[in-house]
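# A structural walkthrough
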Amino acid sequence: MIVPTENIPRYPDSYWLKDIKIPSFNTLDETIKTEVVIVGGGITGISTAYFLSQQGKKVVLIDAGKLLAGTTGHTTAKITVQHSLIYDEIINHFGVEEAKLYYEANNEALQFIRNIVTKYDIDCNFETEDAYLFTNDDDYIEKLQLEQKAYEQIGLKHELVKELPLNIPVKAALKVPNQANFHPLKYLATLIEKCVENGVSFYENTTAMDIEYMKHPAVIVNNDHRIIAEHVIIASHYPFYDLKGLYPTRMYADRSYIIAMTSEEKYPGGMYISAENPVRSIRSTKTANGEELWLVGGEGHKVGQGKPMFDHYNALFQYADLHFNPKQFLYRWSAQDLITLDHLPYIGPITKSEDNIYIATGFRKWGMTNGTIAGKIISDLIITDGENKYKHVFSPSRKVTKEAVKNFVKYNTDVAKHLIKGKMEYQTTKADIKKEEATIVRLRGIRAGVYRDETDKLHIVNTTCTHLGCEVNWNEAEKTWDCPCHGSRFSYTGEVVEGPAKENLEVLEE
Ligand code: FES
């Protein structure tokens, strides 16, 4: 059954960002010195700033846009060690000890968040919940059994169940008790407040463009000022300093979707995620006026690739309509995540030779715990001069597994395919498009993207991505130009919405 268009929110809008006012900060307009500069104002950057400033470090944090407006503002905000199917895979590629450390690191992050919420009495809807990884697909029952065996090997408390509290068809599920969820931005707004009290300086609308080395590294920002520091932490999701360490060849960007609705039914508690594709992820939260909001997510795909983007939202609306008796669909939004070659995050020095520049990225959609533990690991590396018991698990220079080599070939063949395909594909006729629609045309020999806004005005951009030259594609669900190679996204007027690109698309005249 198709959900009628009039019942669907017209524009994307994250509930988390609607529900709270985040403080604003100035743009950096001078060259400054500090001990640590952090690039990126999401959960990773802010947690790192918190941990370091608690230890008396002088910290500056910059963000290219507004704090928390990136992936952290668009997450499902589950705080759990149950990261889909992962532990059996880690055991196969790295061994039981590494899988156990991955689990312990994420469990430590869960306890950090829990303790911080208690310590500052943060009103952020923090709820302890059971997490369920379920399948309704016969082919996945064995995978779930292998994951269960991995849970046993690493000592992760769980139960194998055949039914869920939630009314959806299921053949088996792994239940992990005592996990949690929260309103991520209410939690992080308090951390920002604590950071400010600890002397952290925040700057917004300040884009890191490059790093230069004199005696100390300096981050060069878009207005050519510098932040000279002893340590640089890149927590900007996609590392802006990406060609060191060849990060464009080691990760891909994946986009997924969330809808928020009220229901005629009472939410039975719990957080759920399917083991099979297309992924279905379900949790709930209470709004300020006590209304229960069901969050239904999933439909991940490589950025800028695959079917029309709105089809992904439609699949979630239909799924919710089929199973959860919706009263009203209130919000829809999407998030972008990075996935590494071996599916473990990269947290630590960006390359072996640059041990005072750190990155934290590739959280595979599990950023609440991975982002928090990244903050702890990097702050430990700085404060204790290189010591943290998890550092080798997450090290960006860790051993390369056979699986990683296979994925390296797969990711980069895909990038090469899109680089060539994008250059060859365009419509040659003049744009004949309706309001709020876009198309690709050839304009004076250039592949150009044309969008007609609601006032009939045409916006024309050169579709060559300013990162490494692939051709962007139209995303009609978010009204952005998305790059299929490394996931940069641009508004219809050409401005960078999401990196790694730092420069806007070229605006063309008709
Ligand atoms: Fe790398 Fe576009 S994001 S080429």
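An account of the accompanying structure is given in this report. (Residues numbered from 1 in each chain as written. Predicted model: local features only at pLDDT ≥ 70, side-chain atom pairs only at ≥ 80, totals over all residues. Heavy atoms only, no water.)

All right, on to the pairing of strand 16 (residues 292-302) then. Where burial is concerned, most of strand 16 is hidden: 9 out of the 11 residues are buried. In terms of strand pairing, strand 13 (residues 251-263) meets strand 16 through 7 bridges, oriented antiparallel. The residue bridging Ile 258 from the neighbouring strand is Gly 297, located in strand 16. Alignment of strand 15 (residues 280-286) against strand 16, held across 7 bridges, turns out to be antiparallel. Residue Ser 281 lies in a different strand from strand 16, and its bridge partner there is Gly 297. Hairpin connection from strand 15 to strand 16: 5 residues lie between these consecutive antiparallel strands, with Gly 290 at a positive phi of about 85°. (Buried < 20%, exposed > 50% of the residue type's maximum accessible area, 1.4 Å probe, protein only. Helix = DSSP H or I, 4+ residues; strand = E, 2+ residues; numbered from the N terminus. Pairing = 2+ DSSP bridges.)

Now for the side chain of Thr 401. Along the chain, Thr 401 falls in the loop between helix 9 (391-394) and helix 10 (402-424). Not counting residues up to four positions away in its chain, the partners in contact with Thr 401 are His 93, Phe 94 and Asp 342. (Contact = heavy atoms within 4.5 Å.)

Here we come to the packing of aromatic side chains. Across all of its chains, the model carries 23 aromatic pairs by this definition. Consider the rings of Phe 310 and Tyr 313, whose centres lie 5.5 Å apart with planes at 50°: the pair is tilted. Here Tyr 313 and Phe 310 lie together in helix 7 (residues 309-323), a separation of 3 residues that amounts to about one turn. Seen from their ring centres, Tyr 451 and Tyr 492 are 4.2 Å apart, and the 35° between their planes marks the pair as tilted. (Phe/Tyr/Trp six-rings, centres within 6.5 Å; stacked < 30°, edge-to-face > 60°.)

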